[in-house]
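Next come the chains, spelled out residue by residue.
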Protein chains: 2
Amino acid sequence: MQLSLTDIRELAERILRHHGFTEGHVQAVADTVVRGQRDECHSHGLYRLLGIVATLKAGKGVADAEPEVIDHAPAVVKVNAHGGFSPLSFRQGLPLLVDKARSGGIAAMAINNCVHFSALWVEIEALVEQGLVAMAFTPSHAWVAPAGGRKPVFGTNPIAFGWPRPGHNPYIFDFATSAIARGDIELHRRADKPIPLGWGVDAEGQPTTDANAVINGGSMLTFGGHKGSALSAMVELLAGPLIGDLTSAESLAFDDGSRSLPYHGELLVVFDPKRFLGDDCDTHLLRAESLFEGIIDAGARLPSQRRYEARLRSEAQGVELPDALYADLLKLLEA
Amino acid sequence: MQLSLTDIRELAERILRHHGFTEGHVQAVADTVVRGQRDECHSHGLYRLLGIVATLKAGKGVADAEPEVIDHAPAVVKVNAHGGFSPLSFRQGLPLLVDKARSGGIAAMAINNCVHFSALWVEIEALVEQGLVAMAFTPSHAWVAPAGGRKPVFGTNPIAFGWPRPGHNPYIFDFATSAIARGDIELHRRADKPIPLGWGVDAEGQPTTDANAVINGGSMLTFGGHKGSALSAMVELLAGPLIGDLTSAESLAFDDGSRSLPYHGELLVVFDPKRFLGDDCDTHLLRAESLFEGIIDAGARLPSQRRYEARLRSEAQGVELPDALYADLLKLLEA
């Protein structure tokens with residue numbers, strides 16, 4: 001199915017309204033999944049609507065939750081999602097977060113008690129569009145073993161970062177601290193294909209190429225050995241106990257076998273380069289450009305380039321939805 | 001040579017005074033290198049005094065620089081090191097940084113125009129002792145290629161993080177975003193031993209086991225492929241242009257072949273859990289403990305454990321300095 005961005009937006013909105021989402025959530029969630037689809041991040045595209053509706057039906061998400069924005073401290077915003085999906089909370093907290101970063105130089109926003117399905121780059125991009133530098137952290141479900149360990153403790157725990165580039169697409173990365181997405185291991189298991197060493201361990205903590213041994217009783221691994229593992233623990237701490245919200249293990253316990261989307265918190269940290277640098281801001285942003293030129297000149301690519309290329313394609317030609325996914329999405333309008 | 005911690009402290013202070021360091025620098029630098037030696041981080045121990053004195057002699061560091069602490073923004077401290085070595089700047093900026101974190105919830109400190117030789121964990125530990133959560137970033141010299149690249153762009157760019165654990169040694173990590181320390185590749189080159197694949201590439205960007213090809217014309221690599229590479233770029237940006245200071249490439253250009261210690265900036269980001277969590281702080285710090293228990297229960301180790309074990313040994317028995325290093329240090333008292 002070839003569909004325009006307007007078509008998929010309308011489809012997403014219809015599905016969300018059909019399932020009782022209030023208009024603010026309809027707009028925020030539709031915006032998020034359409035951006036994912038547009039940038040060909042398929043696992044964060046319209047596919048997510050299946051998990052969103054399933055989570056609602058399992059009683060693990062609230063379709064009409066009203067986010068509560070709390071001016072918690074001079075440099076900290078908190079948003080209590082009250083069990084709702086995170087994108088509307090982010091959107092409602094954003095203006096106060098931007099204000100605080102502009103006045104203080106650095107500010108943080110904690111989103112609490114939210115169902116989390118969004119790619120972090122969507123939020124990073126919204127902050128970078130305001131000329132800000134941003135980081136984001138969120139846990140997930142405890143599927144990943146610490147380096148040297150044989151039991152899952154961490155979530156896939158993404159870290160995202162963005163830097164504004166006047167006249168260019170921003171420098172943005174957003175990656176899981178797990179070696180690979182859980183979905184990729186699932187795909188190998190279904191196809192009965194071996195996985196590369198380094199993706200996971202079996203129940204005894206031994207390296208394995210058997211996807212089934214990782215999914216059933218084993219654990220995924222972090223990227224980058226003990227360094228990736230340390231970063232994953234950092235994500236748990238910053239976006240868990242520091243903001244008074246659940247770790248990946250606690251989120252998985254809350255899920256209680258319902259296979260819902262994770263329920264927990266998120267932490268954003270935002271810097272205002274103008275407040276840091278004053279009149280010299282443009283000069284130093286230009287120096288940053290020489291770093292990016294150096295990366296390209298070395299023969300490497302900047303992160304997110306594939307996304308930006310997909311975006312141009314999708315804006316010109318629309319997106320291709322697999323027939324099976326399109327059929328599943330239409331079924332959501334009946335269920 | 002077996003020496004007590006008091007002995008090595010006195011030796012470090014004598015060397016620093018002999019080379020014209022003002023008393024504040026003597027105390028701050030001696031404290032830093034003694035802590036490194038005590039924790040058996042040999043490359044950050046008394047060995048560093050050789051590089052510190054060489055940097056002074058090359059005219060790339062100022063022994064009597066007076067750090068200037070600037071209350072830059074409600075949530076940002078800047079310290080202009082004025083060409084001095086970073087530890088005194090950190091020490092003098094610390095009280096204002098702590099105040100800002102306690103009142104605002106989050107705060108940042110930029111140290112500018114400093115010679116940087118210190119392990120970041122020393123500073124992270126000072127912040128964690130105040131009950132704060134802390135991150136630190138600093139560039140170095142451009143020796144490391146971005147993932148997929150064939151030319152050096154990044155420094156070894158460490159990232160450090162700390163979390164207070166009441167009744168336990170804190171959770172602290174401090175690692176280079178390069179796959180390995182440059183010193184380790186140097187050691188292999190001198191011993192004419194092959195290096196493992198993944199440490200570096202040759203001048204054409206091809207993976208190599210030849211240490212010489214990496215050091216002469218080639219590049220080191222980051223840990224964790226494109227993810228580690230993205231993090232390394234983040235360190236350049238946060239602790240470079242964002243704070244108006246040099247990137248690793250600019251620092252290496254400033255060095256101008258003198259082989260001095262890197263001259264650039266550092267960024268610290270500090271969170272106050274009490275300000276984030278109020279009366280519930282203790283409850284949530286206790287939940288963090290269940291994460292650490294989970295890591296240990298999974299059969300993994302916490303970062304810094306080896307350092308803490310070395311510390312106990314050194315406090316009880318003193319430290320072992322290689323004879324050659326001790327002789328080199330004594331020579332610094334004559335030069």
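Going by what an unreviewed UniProt entry lists, chain A is known as Oxidoreductase and is assigned to Pokkaliibacter plantistimulans.

What follows deals with the domain arrangement of chain A. Residue and element names in this part refer to chain A. According to the domain assignment, chain A contains domain 1 (1-57 + 304-335) and domain 2 (65-178 + 222-303). For domain 1 versus domain 2, the distance between C-alpha centres works out to 22 Å. Every contact between the two is made by 27 residues of domain 1 and, on the other side, 22 residues of domain 2. Buried area between domain 1 and domain 2, both sides added, is near 2100 Å², and the carbon and sulfur share of it is 60%. The largest per-residue losses of area from domain 1 upon contact with domain 2 belong to H25, T55 and Y308, which jointly make up 26% of the total buried on that side. Summed over the shared surface of domain 1 and domain 2, the result is 4 salt bridges.

On to the nonpolar core, then. F137(A), L267(A), F271(A), F137(B), L267(B) and F271(B) are the most contacted members of the largest nonpolar core, which has 102 residues in total. Look past the residues within four positions of F137(A) in its chain and what remains in contact with it is L120(A), P158(A), I159(A), M234(A), V235(A), L238(A), A239(A), E266(A), L267(A), V269(A) and M135(B).

Working definition: an aromatic ring pair is given by the centre-to-centre distance plus the angle between the planes. For the coordinates displayed, the defined rule picks out 21 aromatic pairs over all chains. Geometrically, the ring pair formed by F21(A) and F85(A) is edge-to-face, given 5.2 Å between the ring centres and 70° between the ring planes. With F21(A) in the loop between α1 (5-18) and α2 (23-38) and F85(A) in the loop between β3 (76-80) and α4 (86-104), this residue pair connects regions lying 64 residues apart in the sequence. With respect to burial, F21(A) and F85(A) carry one shared label: buried. Between F161(B) and F173(B) the ring centres are 5.7 Å apart and the planes differ by 35°, which places this aromatic pair in the tilted class. Here the residue F161(B) occupies a position in strand β7 (residues 159-163), and F173(B) occupies one in strand β8 (residues 171-175), the gap between them amounting to 12 residues. F173(B) carries the same exposure label as F161(B), and that label is buried. The cationic tip of K60(B) hangs over the ring face of F254(B); the distance from NZ or CZ to the ring centre is 4.4 Å. Above the plane of the ring of W121(B) lies R307(B), whose end atom (NZ or CZ) is 3.8 Å from the centre.

A separate point is the pairing of β8(B). Residues and elements named next belong to chain B. Judged by how many residues are buried, β8 sits mostly within the fold: 4 of 5 residues are covered. Across 5 bridges, the pairing between β7 and β8 is antiparallel. Looking across to β8, one finds that F161 is bridged to F173.

This paragraph deals with empty space enclosed by the protein. Left-over empty space is what a probe sized like a water molecule reveals as it rolls over the atoms. By the definition in use, this model includes 2 cavities of 30 Å³ or more. In this structure, the largest cavity is lined by M135(A), F137(A), I159(A), L231(A), M234(A), M135(B), F137(B), I159(B), L231(B) and M234(B). At the level of secondary structure, the elements contributing two or more residues to the lining of the largest cavity comprise β5 (133-137) and α8 (225-238) of chain A together with β5 (133-137) and α8 (225-238) of chain B. Tallied by class, the residues present in the lining of the largest cavity amount to 10 nonpolar, no polar and no charged.

We now examine the packing of α1(A) against helix α13 (residues 323-332) of chain A. All names here are of chain A. Contact geometry for α1 and α13: axes closest at 9 Å, N-to-C directions at 35°. The segment α1 lies against α13, with L11, I15 and H18 engaging Y326, L329, L330 and L332. Residue composition of the contact of α1 with α13, by class: 6 nonpolar, 1 polar and no charged.

With that settled, consider the interface of chain A and chain B. Each partner contributes to the interface: chain A provides 69 residues, whereas chain B provides 69 residues. Between chain A and chain B, roughly 5600 Å² of surface is buried when both sides are summed, and carbon and sulfur atoms account for 74% of that area. By the criterion of area lost to chain B, the three top residues of chain A are K227(A), L242(A) and F276(A), representing 13% of everything that side buries. Linking chain A to chain B there are 4 salt bridges. Residue D297(A) is joined to K151(B) by a salt bridge in which the shortest nitrogen-to-oxygen separation is 2.8 Å.

All names here are of chain A. Judged by pairing direction, the sheet is mixed, and its 7 strands sit side by side in the order β2-β3-β4-β11-β5-β7-β8 without closing on themselves. Each end of this open sheet is capped by a strand with a single partner; those strands are β2 (68-73) and β8 (171-176). Mean inter-strand twist for the sheet, computed between neighbouring axes without regard to direction, equals 15°. Looking at chain direction, β2 and β3 are connected through 5 bridges and run antiparallel. Of the residues in β3, the one forming a bridge with V69 is V79. On top of the sheet, α8 reaches β5, β7 (158-163) and β11 (263-271); it is set at about 85° to β7, its chief contact.

The next subject is α1(A). Residue and element names in this part refer to chain A. Compared with an ideal rise of 1.5 Å per residue, which puts 14 residues at 20 Å, α1 spans 20 Å between its outermost C-alpha atoms and is within 8% of the ideal. Those residues of α1 lying buried are I8, R9, L11, A12, E13, I15 and L16. If you follow the buried residues of α1, they end up packed against β1 (2-3), α2, α3 (48-57), β12 (319-320) and α13. Where α1 terminates, the next one or two residues include G20, which has phi positive at roughly 85°.

This part is about the relation of the copies chain A and chain B. For the match of chain A to chain B, the screw axis carries a shift of 0.0 Å, the RMSD comes to 0.0 Å, and the turn is 180°. The relationship between the two copies is best expressed as a two-fold rotation axis. In terms of C-alpha distance to the rotation axis, chain A has G224(A) as its closest residue, with the C-alpha 2.1 Å off the axis.

Bringing the pattern of salt bridges into the picture now. Within the structure shown, the criterion is met by 38 salt bridges over all chains. In this structure, R91(B) and D31(B) form a salt bridge, with 3.1 Å as the shortest nitrogen-oxygen distance. Of the two residues, R91(B) sits in helix α4 (residues 86-104) while D31(B) sits in helix α2 (residues 23-38), which places them 60 residues apart along the sequence. Of the residues examined, R91(B) reaches a relative accessible area of 36% and is grouped as partly exposed. Close ionic contact of E40(B) with R313(B) constitutes a salt bridge, the shortest N to O distance being 2.9 Å. Residue E40(B) is found in the loop between α2 and α3 (48-57), and its partner R313(B) is found in helix α12 (residues 305-317); the two are separated by 273 residues along the sequence. Here R313(B) falls in the partly exposed class, since its relative accessible area comes to 36%. Counted as one network, the salt bridges with shared partners bring together R9(A), E13(A), R17(A), E23(A), D31(A), R35(A) and R91(A).

Definitions and limits used
- Residues numbered from 1 in each chain as written.
- Chains lettered and ligands numbered in written order.
- Predicted model: local features only at pLDDT ≥ 70, side-chain atom pairs only at ≥ 80, totals over all residues.
- Heavy atoms only, no water.
- Domains from an automatic or database assignment.
- Contact = heavy atoms within 4.5 Å.
- Buried area = accessible area lost by both parts, 1.4 Å probe.
- Salt bridge = Lys/Arg side-chain N within 4 Å of Asp/Glu carboxyl O.
- Core = buried A, V, L, I, M, F, W, Y, C linked by side-chain atoms within 4.5 Å.
- Buried < 20%, exposed > 50% of the residue type's maximum accessible area, 1.4 Å probe, protein only.
- Phe/Tyr/Trp six-rings, centres within 6.5 Å; stacked < 30°, edge-to-face > 60°.
- Helix = DSSP H or I, 4+ residues; strand = E, 2+ residues; numbered from the N terminus.
- Lys NZ or Arg CZ within 6 Å of the ring centre and 35° of its normal.
- Pairing = 2+ DSSP bridges.
- 1 Å grid on protein atoms, 1.4 Å probe; cavity = no way out; pocket = protein on both sides within 12 Å on 5 of 7 lines; lining within 4 Å.
- Points joined across faces, edges and corners; volume = space filled by probe spheres on them.
- Nonpolar A, V, L, I, M, F, W, Y, C, P; charged D, E, K, R; others polar.
- Axes fitted to C-alpha atoms, helices over the stretch in contact; angles between N-to-C directions.
- Expected span 1.5 Å × (residues − 1).
- Least-squares fit on C-alpha atoms with pLDDT ≥ 70 in both.

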